[in-house]
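Observations on the three-dimensional arrangement
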Amino acid sequence: MAAWRLRRSGAVALAASSAVAAVAFAASSASASDPSAAALDAARQRVARHGAAPPPRDAQRAALAGSTPEDPLDVLVVGGGATGCGAALDASTRGLRVGLVEREDFSSGTSSRSTKLIHGGVRYLEKAVFNLDYGQLKLVFHALKERKQVIENAPHLCHALPCMTPCFNWFEVVYYWFGLKFYDLVAGRRLLHLSRYYSVDESVELFPTLAKNAHDCSLRGTVVYYDGQMNDSRLNVGLACTAAVVGAAVLNYAEVVSLIKDKSGERIIGARIRDTLSGKEFETFAKVVINAAGPFCDSVRKMANSNVTPMICPSSGVHIVLPDYYSPEGMGLIVPKTKDGRVVFMLPWLGRTVAGTTDSSTAITMLPEPHEDEIQFILDAISDYLNVQVRRSDVLSAWSGIRPLAMDPSAKSTESISRDHVVFEDYPGLITITGGKWTTYRSMAEDAVNAAVRSGNLKPANGCVTDSLHIVGGYGWDPASFTVLAQNYKRMKKTYGGKVIPGAMDSAVSKHLSHAYGTLAEQVASIAQNEGLGKRLAHAYPFLEAEVAYCARHEYCESAVDFVARRCRLAFLDTDAAGRALPRIVEILASEHKWDKARKKAELQKGREFLETFKSSKNAQFSDGKHNGR
């Protein structure tokens, strides 16, 4: 046993040291005259370090509260979504002193409720060609570049996904085939894989539930192209932790109560913040504040000037999750134009099928809920293209996200509303960044930090380096990394009688841990083995009790909802299973955070109320109708 442990430890240490050694070698080859190269290599070494973990929450809070008017931070970011965390990472790797505050949890808003696709901008290409619009073509080049970077910088959380487009007449076959071949050409070296045409028989073999007839037309084949797919909230949390590892002070559950102005009242110099976990308030001073609050950015802007022109036009995007048999593993289905002109898709995601989406105006709320007619629209739309009965009772989870479509306040007309991002300084010292999409979060963050540097006359040590920086867990990872877990670790499980028994670290669990945590997965496996936390949290899902303890210790997981919705994705995958797992999750978090009985009861109640906003067939109230088959 001792020899086995020695061999295991040696293998683990060798894998970790190899990643660090590779980074160190790159550092030694960097030119001393290139500060950006040196900064990138320094950041890589910190992120690639074995067991890299961010500072504890108390230390982060103290760092924020320790700033003064005489010794301010360079940048304070408000908002812990993809763009906010990306901005904190960007600014800190430029050598700036950075803080970030988030009212709820990292990725608690729009960034955890996305389509899960990393788009390459194929729809922009269609507009560019038919409208002879060079601006749209530039958006395609931009999206393709950023898509490639996102996948490369978080290889464990992102991957290429083939997407099938059904064609029901020969014109569609030719149209989509030529269009996607042109897309391949435009992508060039940023291409994921070549698109291709499949015959009817080949298509049905690849996608068994695909209907051969739709709208009184016969299927003529399909065209398959590739886009990127991700685990969005885990990528967001990874960005926050990476920013913390390289020096940013990031704090969730920290609400901006008001903005602080200088004595003349002409410039923003910080913010008053309430730690919502303790109820205590403190002030953080910064030379520039970046407002990356997503749908809520207008609320932050009004703290500086109550008369500002709103710049957010919120849109609701609803998605549903169905059982895995609706789509095959490794192949998505996208219909560019349904009978009412909208786009619908079905994608395999974490062992289930996610389908969507809607696009309609909505009100801004903290916990948006999908309307039943939106769920029914998605079910109706996909039923036209499938040969299986599409039932409302099959919906395992349904959620709504708010897209913060942006309008430039300096524009002269409302025609400026777009899905591209806007960077704007409408009060000195306050930079607002909003709009855009997940795919371009990194370049959005870069634009926001560039604006902050100009506004505050900051002196960064180097330029932006995030286009070549992996997030924590990415260095040294490869698709076969899960085998180290499967071969070298056991899942020690406590029975109801208190006895500890061994269990296999099977492939499903090993692959899940490897993809969710990258090279840090061994820390989770070690907790499962050494602390008796090897049980699964829910039947048929690979999430382990050990993950709850790990996330509480190293990923700023402060509540049951944080874990069930954003550290693992059980709330999004299966609302009913998440409800059954809640009590055990609360027990483990209580042990980690030293909660009393009252706090445990409150956490359980909050968790159940949160899950009620996910309209699965178990908790939704709906009338009898077309999709209510039992």
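The structure this text deals with has already been given above.
In this text the structure is predicted, and so the values were computed from the model without any measurement.

Basis of the calculations
Residues numbered from 1 in each chain as written. Predicted model: local features only at pLDDT ≥ 70, side-chain atom pairs only at ≥ 80, totals over all residues. Heavy atoms only, no water. Salt bridge = Lys/Arg side-chain N within 4 Å of Asp/Glu carboxyl O. Helix = DSSP H or I, 4+ residues; strand = E, 2+ residues; numbered from the N terminus. Buried < 20%, exposed > 50% of the residue type's maximum accessible area, 1.4 Å probe, protein only. Phe/Tyr/Trp six-rings, centres within 6.5 Å; stacked < 30°, edge-to-face > 60°. Axes fitted to C-alpha atoms, helices over the stretch in contact; angles between N-to-C directions. Contact = heavy atoms within 4.5 Å. Nonpolar A, V, L, I, M, F, W, Y, C, P; charged D, E, K, R; others polar. Patch = residues over 30% accessible without salt bridge, like charges linked within 9 Å, V, L, I, M, F, W, Y side chains within 5 Å. Areas by Shrake-Rupley, 256 points an atom, 1.4 Å probe, with all protein chains shown as cover.

On to the pattern of salt bridges, then. Summed over all chains, the structure comprises 36 salt bridges. Among the salt bridges present, the one from glutamate 555 reaches arginine 567, with a minimum N-O distance of 4.0 Å. On the criterion of sequence distance, the pair formed by glutamate 555 in the loop between helix H16 (545-554) and helix H17 (560-567) and arginine 567 in helix H17 is long-range, its members being 12 residues apart. Judged on exposure class, the residue glutamate 555 and its partner arginine 567 are both buried.

Before going further, it helps to spend a moment on the packing of aromatic side chains. Enumeration according to the criterion identifies 13 aromatic pairs in this entry. Ring plane angle 70 degrees and centroid distance 6.2 Å describe the contact between phenylalanine 106 and tyrosine 556, whose orientation is recorded as edge-to-face. One end of the pair, phenylalanine 106, is in the loop between strand S2 (98-102) and strand S3 (117-118); the other, tyrosine 556, is in the loop between H16 and H17, with 450 residues separating them in the sequence. Its relative accessible area of 1% is what places phenylalanine 106 among the buried residues. Using a relative accessible area of 5% as the deciding quantity, one classes tyrosine 556 as buried. Centre to centre, the rings of phenylalanine 610 and phenylalanine 614 are 5.1 Å apart; their planes meet at 50 degrees, and the pair counts as tilted. Of the two residues, phenylalanine 610 and phenylalanine 614, neither departs from the other in class, the shared state being buried.

It is worth spelling out the packing of H17 against helix H20 (residues 597-611) at this point. Closest axis-to-axis distance for the H17/H20 pair is 8 Å, and the angle between their directions is 35 degrees. Residue-level inspection shows Ala560, Val561 and Ala565 of H17 in contact with H20, the latter providing Glu603, Lys606, Gly607 and Phe610. A breakdown of the residues in the contact of H17 with H20 according to their chemical character gives 4 nonpolar, 1 polar and 2 charged.

Looking now at a nonpolar patch on the surface. There is a patch of nonpolar side chains on the surface, built from Val129, Phe130, Phe182 and Leu185 and spanning about 420 Å² of accessible area. Mapping phenylalanine 182 onto the fold places it in helix H7 (residues 170-187).

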